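Given next are the chains, with one letter for each unit.
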Amino acid sequence: MVMDEMMMMMMEMKNSTVTDLENSQLLLDANPSNSLLRENIKALRAKTSFLCEVEISFLSQKAKCHFLANNDKNTKFFHCIVKRNHGRNHISSILGKDGVLTTSFEQVVTDFERFYYYLFGVETQRTPTGPCRLRMCSFILGMVRPQVLTDFLQVSMSLGCA
């Protein structure tokens, strides 16, 4: 609870800084030659930026903790995540080489197989080693998308938690 209280204080400080920044910018609009006001605005922007980064970092960590705590407990939260990911990862149709949109599962599979057959050709299966393996691993890791705050918020909103 102490962290939540500290974060509430940080959020209040950020909101206060944002309000001060907006007021200073209005004053600068009225008096554009005031150099002290310009310096004040520069400092307020830096402070606001820092406090926003702190807030985003805290909320991201909190979302990750909530996700890890409720991820695989057979809860409504978990099932919403799985359902959303299944819909996101499913390819329901594909535009074939001939330009025709295909919705048949078997045809989608066939088109994928044909595409990669012509892309890579037919070679014996071998396990990559050395630098090739590193490139492959970094490619695969680049495809893995971490669970981010927006995903958490979308699921929370669909559950009515947010």
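Everything discussed here concerns the structure shown above.
This part takes up the overall build of the protein chain. For the protein chain, the helix and strand inventory stands at 6 helices and 2 strands. Written out in order from the N terminus, the α and β elements of the protein chain read α-α-α-β-β-α-α-α. The proportion of buried residues among the 162 residues of the protein chain is 19%. Across the protein chain, contacts joining residues at least 24 apart in sequence account for 51% of those joining residues at least 6 apart. For the protein chain, the exposed surface amounts to about 12,900 Å²; the carbon and sulfur share of it is 62%.

The subject of this paragraph is helix α4 (residues 105–120). The end-to-end C-alpha distance of α4, which contains 16 residues, comes to 23 Å, matching closely the 22 Å that a straight helix rising 1.5 Å per residue would cover. In the stretch just after α4, Gly 121 is the one whose phi turns positive, near 75°.

Let us look at the nonpolar core. Core analysis: the biggest nonpolar cluster contains 5 residues, these being Leu 21, Leu 28, Leu 37, Ile 41 and Leu 44. Residue assignment for this core shows that the elements contributing at least two residues are α1 (2–30) and α2 (35–70). Considering each element in turn, this core owes the most residues, 3 residues, to α2. Leaving out residues up to four positions away in the same chain, Leu 28 has contacts with Asn 34, Leu 37, Arg 38 and Ile 41.

Here the focus is the pattern of salt bridges. On inspection of all chains with the given rule, the structure shows 2 salt bridges. For Lys 14, the salt bridge goes to Glu 55, with nearest N and O atoms at 2.9 Å. Remark: Glu 55 occurs in helix α2 and Lys 14 occurs in helix α1; sequence separation between them is 41 residues. For the pair Lys 14 and Glu 55, a shared accessibility class is recorded, and that class is buried. Its salt-bridge partner being Asp 111, residue Arg 114 comes within 3.1 Å of it at the nearest N-O pair. Within this pair, Arg 114 and its partner Asp 111 are both found in helix α4, separated by 3 residues, close to a single helical turn. Asp 111 gets classed as buried once you look at its relative accessible area, which sits at 11%.

Rules used in this analysis
- Residues numbered from 1 in each chain as written.
- Predicted model: local features only at pLDDT ≥ 70, side-chain atom pairs only at ≥ 80, totals over all residues.
- Heavy atoms only, no water.
- Helix = DSSP H or I, 4+ residues; strand = E, 2+ residues; numbered from the N terminus.
- Buried < 20%, exposed > 50% of the residue type's maximum accessible area, 1.4 Å probe, protein only.
- Contact = heavy atoms within 4.5 Å.
- Areas by Shrake-Rupley, 256 points an atom, 1.4 Å probe, with all protein chains shown as cover.
- Expected span 1.5 Å × (residues − 1).
- Core = buried A, V, L, I, M, F, W, Y, C linked by side-chain atoms within 4.5 Å.
- Salt bridge = Lys/Arg side-chain N within 4 Å of Asp/Glu carboxyl O.

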